[in-house]
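Residues per chain, in single letters:
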Amino acid sequence: MQKGPVRALGAMSGTSLDGVDAAVVVTDGVEIHGFGESDYRVYSEEERTVLHRALGQWPNDPDVAAARDVVMRAHEALLAKFRDVDIVGFHGQTLAHDPRGRGTHQVGDGDLLAATLGLPVVWDFRSADVEMGGEGAPLVPFFHHACARYIGATEPVAFLNLGGVGNLTWVDPRVERAEAEGAVLAFDTGPANAPVNDLLRDRRGLDYDEDGKLAMTGKVETGALELFLDDPYFSRMPPKSLDRNAFPEMMSLVRELSDADAAATLTGMAAASVLRGMEHCPESPAQLLVCGGGRKNPVLMEMLRVALDCPVQPVEEVGLDGDMLEAQAFGYLAVRVARGLPTSGPSTTGVRMAVGGGQVSRP
Ligand SMILES: Nc1ncnc2c1ncn2[C@@H]1O[C@H](COP(=O)(O)OP(=O)(O)OP(=O)(O)O)[C@@H](O)[C@H]1O
Ligand SMILES: CC(=O)N[C@H]1[C@@H]2OC[C@@H](O2)[C@@H](O)[C@@H]1O[C@H](C)C(=O)O
């Protein structure tokens, strides 16, 4: 790969199953030099049903081939719209994640995508990390470290992604290299939007609780919240990661509640898991910078603001794009893989030593 910064196109199909994000980042795999265009391809109702059916499945399970078709079709259509791309980072769609058991499963075929787009594609980012004893997730932390330096942060900050699952990266931007000791600490906080989405889907036939309108009219059932927080996951030391459906008991905890109280309680659980996660930060961050769709939920954001000492701000306040950060991250990680740089380390996934995950497919 040529020296210096390149235009990397990253694509992410997240655990919310809402669609595919794609975005360009200009980077040499260490520093961010700038950001380029971005776009989004929503999954249709039928496509989403196919993906839901395949959740929890492993390669060769019955519903995986149909899910692969959906994922490939969406990515091919979306990514073909971009011009002047040097390399693609293709995450695919996580269907199952069990790093200490069966492994991690992202559906999507990088060979096929490279052939269709006529571009080098980096994919299968998580397997190598899991094989070396890591959690395989979260993988965005090294990118968060680059973001902290890009925005000119001079003291520790934390990035919180509120997607289907939540993840937190504490960053010390004074440490120059992301893989150096003390630069980052990262982990999944707990379920974020996925349980609220599932509730709205089951009870109201809606995709999500827009602007927290339903949760706003309900109250948090504290007994259910306390039972949820008894789960040993929250006291486990990071790094640690979660499957999308890692807390199946959440739904039974709110089963008897009204729609509004159930939405408020599941939203409260998402917030409380972040608050428990903040206790693991080596020192209090100067800011909590929030990305992912949950930053648009005023109920969730207010729950965090009232409980935390530091300012809680959407990443837009520091000039980043909270809808595209994960897509940009996989573009950035693709360049790291191509240049032989690590994509995770002991403080981000618990992997034995820093590792560069990802296969490279050439057209
Ligand atoms: N206006 C809004 N009000 C409330 N919630 C919202 C709003 N906009 C988006 N969301 C929530 O954000 C979700 C999408 O978030 P995002 O795109 O960050 O998830 P993802 O990338 O699929 O997840 P992950 O980061 O876990 O892979 C939606 O499914 C919805 O729950
Ligand atoms: C296994 C998997 O796909 N995990 C996702 C999921 O969604 C959010 C959280 O759980 C995070 O750990 C991860 O995604 C981001 C992009 C990551 O790897 O950093």
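All figures in this text were calculated on a predicted structure; none of them were measured in a lab.

## Focus: the site of ligand 2
Okay, step 1: Not every one of the 16 residues close to ligand 2 is listed here, only the nearest: Thr 94, Arg 126, Leu 139, Val 140 and Asp 188.
Okay, step 2: Protein chains bury 98% of the 430 Å² of accessible surface belonging to ligand 2 in isolation.
Okay, step 3: Per-element tally for the shell around ligand 2: the top contributor is strand β4 (residues 87–98), with 3 residues.
Okay, step 4: Its residues placed into classes, the shell around ligand 2 shows 7 nonpolar, 6 polar and 3 charged.
Okay, step 5: Counting the residues that make up the shell around ligand 2, at least three belong to each of domain 1 (6–134 + 327–361) and domain 2 (152–318).

## As for the site of ligand 1
Okay, step 1: As a matter of local geometry, ligand 1 sits amid 22 residues, with Thr 15, Gly 164, Asn 197, Asp 211 and Glu 326 nearest to it.
Okay, step 2: Note that an oxygen atom of ligand 1 is positioned 3.3 Å from one of the side-chain N or O atoms of Asn 193.
Okay, step 3: Here Gly 293 contributes a backbone N or O atom positioned 2.9 Å from an oxygen atom of ligand 1.
Okay, step 4: Relative to its unbound accessible area of 650 Å², ligand 1 is 89% covered by the protein chains.
Okay, step 5: Looking at the shell around ligand 1 residue by residue, the class counts come to 4 nonpolar, 12 polar and 6 charged.
Okay, step 6: Shared between two domains, the shell around ligand 1 takes at least three residues from each, and those domains are domain 1 (6–134 + 327–361) and domain 2 (152–318).

## Some words on the UniProt feature "binding site: ATP" (unreviewed entry) in the protein
Okay, step 1: Within the UniProt annotation, "binding site: ATP" (unreviewed entry) is assigned to Gly 14, Thr 15, Ser 16, Leu 17, Asp 18, Gly 19, Val 20 and Asp 21.
Okay, step 2: Mapped onto the fold, Thr 15 is located in the loop between β1 (6–13) and β2 (19–27).
Okay, step 3: Judged by relative accessible area, which is 22%, Thr 15 ranks as partly exposed.
Okay, step 4: Thr 15 has contacts with Gln 93, Gly 164, Val 165 and Arg 244, leaving out every residue within four places of it along the chain.
Okay, step 5: Checked against the element boundaries, Ser 16 lands in the loop between β1 and β2.

Analysis parameters
Position numbers for residues start from 1 in each chain and track the written sequence from start to end. Written order determines the labels here, with chains lettered from A and ligands numbered from 1. Per-residue local features are limited, in this predicted model, to residues with pLDDT of at least 70; the limit for side-chain atom pairs, both in listing and counting, is 80 or more; totals at the level of whole chains, interfaces and linings are taken over all residues. Each side-chain value is worked out from all heavy atoms of the structure, with water and hydrogens disregarded. Throughout, near means a residue has at least one heavy atom within 4 Å of the molecule or strand. For the area figures, the Shrake-Rupley method with a 1.4 Å probe applies, and any residue is considered shielded solely by the protein chains shown. Here a helix means four or more residues in a row that DSSP labels H or I, a strand means two or more in a row labelled E, and each is numbered from the N terminus. In the scheme used here, Gly and all other residues not listed as nonpolar or charged are polar, with Ala, Val, Leu, Ile, Met, Phe, Trp, Tyr, Cys and Pro taken as nonpolar and Asp, Glu, Lys and Arg as charged. Reported domain spans reflect what an automatic or database domain assignment gives. As used in this structure description, the phrase polar contact means that two N or O atoms lie within 3.5 Å; if the pair is within protein, one of them must be able to donate a hydrogen and the other to accept it, and residues adjacent in sequence are counted only when both atoms belong to side chains. UniProt positions are given in the numbering used here, feature names are shortened, and annotations may be inferred rather than shown by experiment. Buried, partly exposed and exposed residues are distinguished by accessible area as a fraction of the type maximum, computed with a 1.4 Å probe on protein chains only: under 20%, between the cut-offs, and over 50%, respectively. Residues are treated as being in contact if the distance between any of their heavy atoms lies within 4.5 Å.

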